[in-house]
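# Structural characterization, general
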Amino acid sequence: MSTLDTVLEGLMSRYKARVPDVGGVIGAMIKENVIAHDGEIENDHIAFRTMGVPQLGIQSLEKIFLHYGYTKKDYYLFPEKKLDAYWYAPPEEKYPRIFVSELRVKDLSPRAQEIIHSYTNEVTSDPVDQLDLDDGQAVDHFLHSALWRTPTLSDYRELANESEYAAWVIYNRYYLNHFTVSVHNLKPGYNTVEAFNTFLEKHGFKLNDSGGKIKTSPDGGLSQSSTVARMLTADFANGEQAEIAGSYVEFAERRILPQYRELPANEVRRQHRREGFEANNADKIFESTYAAQTGK
Ligand code: OOG
Ligand code: NI
C-alpha cells in the first residue's frame, strides 16, 4: 500500500465512524443493488477546511498532497463567506480530487480575529514542515490530532455568529468535511444527480436545498448535491457539551464534454468528462454545515 493509500484510508475510516450518513448511503446503495456488497464507490473528491493564518491554511495543508503527486489547479473566491479555495488533481485516476478551502481571517472583525488567533497562535511554526511525509501513520496521526486547545463553547458561538465556517474549523479542524459519491458511472436510474436525489430522499436522507437541491454549473457539465450535516455532540472546554454540525456527504455528476459525446460508452474515461469545480455550486454546498440547513 502506498503512503497516499494509508493517508486516504485513515481519513475515510474516521469520517465513516463520525458521519452516520456515510454508512447509511453505502448501505442503501447495497440494498438496492446499485453497488455490489464488496463494491467500490468512485470517490469524486474529498474536501478540507482550513484557517488562513500564515503558519497554517492552504499553503500548509497542500504540502502533504503535493508531496504525494497531486497537482494544484484552479482558484475560487467566495467573497461573502470570506473564503479562498483550490482544487488538486490526483496523481492517478483511482484517487479522488481534493478541494481545500481557507478562511480569509484578515477579512473578519477584529474580535473574531482575536478569538481565532488565541487558538492558532499556539501553532508557532508550520506543523507540516515538521512531518515526515513518507510516514503514512505520522501524517494520519497529524490530520486527526488537535492543533490547538479545545475551544470554549462561548468562543465557538461567538465565531459562529460571524462565520459559521470559522466555528466549524475551530472545532473540527482537519477532519474530512465530505467525500463525494460519483454518480455518472452508476447504473441507469441512479446515474444522474436528479435520479440519485430521488433515491436518497426515498431512503430518508435530508438534502441541502440552498439554491435548489441540484447545483449545476453554467456549462451544464457539473451537477452536485449534498446531504445536510448531522449534528454531533461536541465536548468543549470546561466540560461543556453542545450539538454542532459535523460533516456531510456529497454527490457529483460530471457529464461527457461535447467533443466526446460520440465516444462508445466503454471508452469514456475521466478526461472525457467535465473537470474541476464551480464557484456557484460550491458556495451553496458550503452551507451543508450551516444552521439554516442543519436546523431544518
Ligand atoms: C466545501 C464546499 C464546496 C464542492 O464540491 O464544490 C465543495 C466545504 O463545504 O468545505 O465541496
Ligand atoms: Ni465537494
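What you see is a predicted model; the values in this text were computed from it and never measured.

### What to know about the overall build of the protein
From N to C terminus, the protein includes ten helices and ten strands. Computed over C-alpha atoms, the radius of gyration of the protein comes to 19 Å, within 12% of the 19 Å expected from 2.2 N^0.38 for 296 residues, which places it in the range of a compact globule. Oriented by its inertia axes, the alpha-carbon framework of the protein measures out at about 55 × 40 × 35 Å. Burial statistics for the protein: of 296 residues in total, 37% are counted as buried. Within the protein, residue pairs in contact and separated by at least 24 positions form 63% of the contacts whose partners lie at least 6 positions apart.

### Focus on the confidence of the model for the protein
In the predicted model, the protein carries a mean pLDDT of 97, and the fraction of residues at 70 or more is 100%. ipTM for the predicted complex: 0.99, alongside a pTM of 0.98.

### Some remarks on the pairing of strand β8 (residues 231-235)
Taken together, the five bridges between β8 and strand β9 (residues 241-245) define a ladder with antiparallel strand orientation. When the sheet's bridge partners are listed, Met 231 is paired in β9 with Ala 245. The antiparallel hairpin formed by β8 and β9 contains five residues in its connecting segment, where Asn 238 sits at a positive phi of about 60 degrees.

### Some details on the site of ligand 1
Close to ligand 1 lie Ala 47, Arg 49, Phe 99, Ser 101, Asn 177, Gln 224, Glu 250, Phe 277, Asn 281, Ala 282, Ile 285 and Phe 286, which account for all nearby residues. Looking at the shell around ligand 1, the elements with two or more residues in it are β1 (43-51), β4 (97-103) and α9 (279-285). Take the shell around ligand 1: its biggest share by element is three residues, from α9. Partitioned by chemical class, the residues of the shell around ligand 1 number six nonpolar, four polar and two charged.

Cut-off values and rules
Residues numbered from 1 in each chain as written. Chains lettered and ligands numbered in written order. Predicted model: local features only at pLDDT ≥ 70, side-chain atom pairs only at ≥ 80, totals over all residues. Helix = DSSP H or I, 4+ residues; strand = E, 2+ residues; numbered from the N terminus. Rg over C-alpha atoms; globule rule 2.2 N^0.38 Å. Buried ≥ 20, exposed ≤ 12 C-beta atoms within 10 Å, placed from the backbone. Contact = placed C-beta atoms within 7 Å. pLDDT = per-residue confidence, 0-100. Pairing = 2+ DSSP bridges. Near = placed C-beta within 6 Å. Nonpolar A, V, L, I, M, F, W, Y, C, P; charged D, E, K, R; others polar.

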